[in-house]
Amino acid sequence: MSTGNERATSENSPAKAEVIFPSEVSTKLSVFDRFATYISARTSQAWFFVVVVVLWAPSFFLLGTIDTWQLIINTVTTIVTFLLVALLQNTQKRSDDAVQHKLNAVADGLADLMKQLSKEHPELDKDLKELRMAVGLEDHESAS
């Protein structure tokens with residue numbers, strides 16, 4: 001079975017991109033990533049929408065004219081929307097990357113198991129090759 005320290009590369013990609021396994025992923029997050037995680041956790045709750053509406057609705061009375069109110073509300077809404085989209089996309093990408101790293105590790109473990117079992121069941125060789133091609137794992141020496 002693999003120890004998780006081996007790195008697999010894609011057979012099909014010209015640059016042979018490395019697959020990073022979960023044990024190799026850094027747990028340190030940048031300031032932006034921590035900020036994005038915090039904002040994502042807060043804005044994905046129902047109370048956030050209620051607070052926005054409660055602040056937005058009476059803001060008309062604080063600003064004298066309808067034109068000023070519309071300009072400020074539209075500007076703030078646009079800025080907040082772009083900021084939230086960027087933050088939520090950042091959080092989603094990190095989540096997708098984490099899931100992909102875990103799937104790569106599972107596929108690597110399955111490939112190692114299939115390699116071990118292929119000695120007794122030669123029909124697994126074809127399935128092993130298909131798995132390696134589909135996932136992009138390279139052949140490497142197993143730790144066992």
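Our subject is the structure that appears above.
From a predicted model like this one, the values you see are computed outputs, not experimental measurements. (Residues numbered from 1 in each chain as written. Predicted model: local features only at pLDDT ≥ 70, side-chain atom pairs only at ≥ 80, totals over all residues. Heavy atoms only, no water.)

(A) Local environment of the overall build of the protein. Scanning the protein from terminus to terminus reveals five helices and two strands. Along the protein, helices and strands appear, N-terminal first, in the series β-β-α-α-α-α-α. Classification of the 144 residues of the protein by burial places 26% in the buried group. For the protein, long-range pairs separated by at least 24 residues make up 60% of all intrachain contacts whose partners lie at least 6 apart in sequence. (Helix = DSSP H or I, 4+ residues; strand = E, 2+ residues; numbered from the N terminus. Buried < 20%, exposed > 50% of the residue type's maximum accessible area, 1.4 Å probe, protein only. Contact = heavy atoms within 4.5 Å.)

(B) A look at helix 5 (residues 124–135). Look at helix 5: 16 Å from first C-alpha to last across twelve residues, which is about the 16 Å you get at 1.5 Å a residue. Along helix 5, the residues that are buried comprise L124, L128, L131 and R132. An end-on view of helix 5 places all buried positions within 95 degrees of arc, on one side of the element. Residues K126, K129, M133 and A134 are exposed on helix 5 and point more than 90 degrees away from its buried face. Buried residues belonging to helix 5 abut helix 4 (66–117). Downstream of helix 5 by a residue or two, G136 has a phi angle that is positive, lying close to 90 degrees. (Expected span 1.5 Å × (residues − 1). Arc of directions from axis to C-beta.)

(C) Quick look at the nonpolar core. Counting residues in each nonpolar core, the largest one holds five residues, listed as A111, M114, L124, L128 and L131. Elements represented by at least two residues in this core include exactly helix 4 and helix 5. Looking at this core element by element, the count peaks at three residues for helix 5. The contacts of L124, once residues within four sequence positions are left out, are M114, L117 and S118. (Core = buried A, V, L, I, M, F, W, Y, C linked by side-chain atoms within 4.5 Å.)

(D) Summary view of the packing of aromatic side chains. Scanning the entire structure with this criterion turns up three aromatic pairs. Aromatic side chains F60 and W69 sit 5.6 Å apart centroid to centroid with 90 degrees between the ring planes, which places their arrangement in the edge-to-face category. Since its relative accessible area comes to 31%, F60 is described here as partly exposed. (Phe/Tyr/Trp six-rings, centres within 6.5 Å; stacked < 30°, edge-to-face > 60°.)

Purely spatial values, then, with no claim about function.
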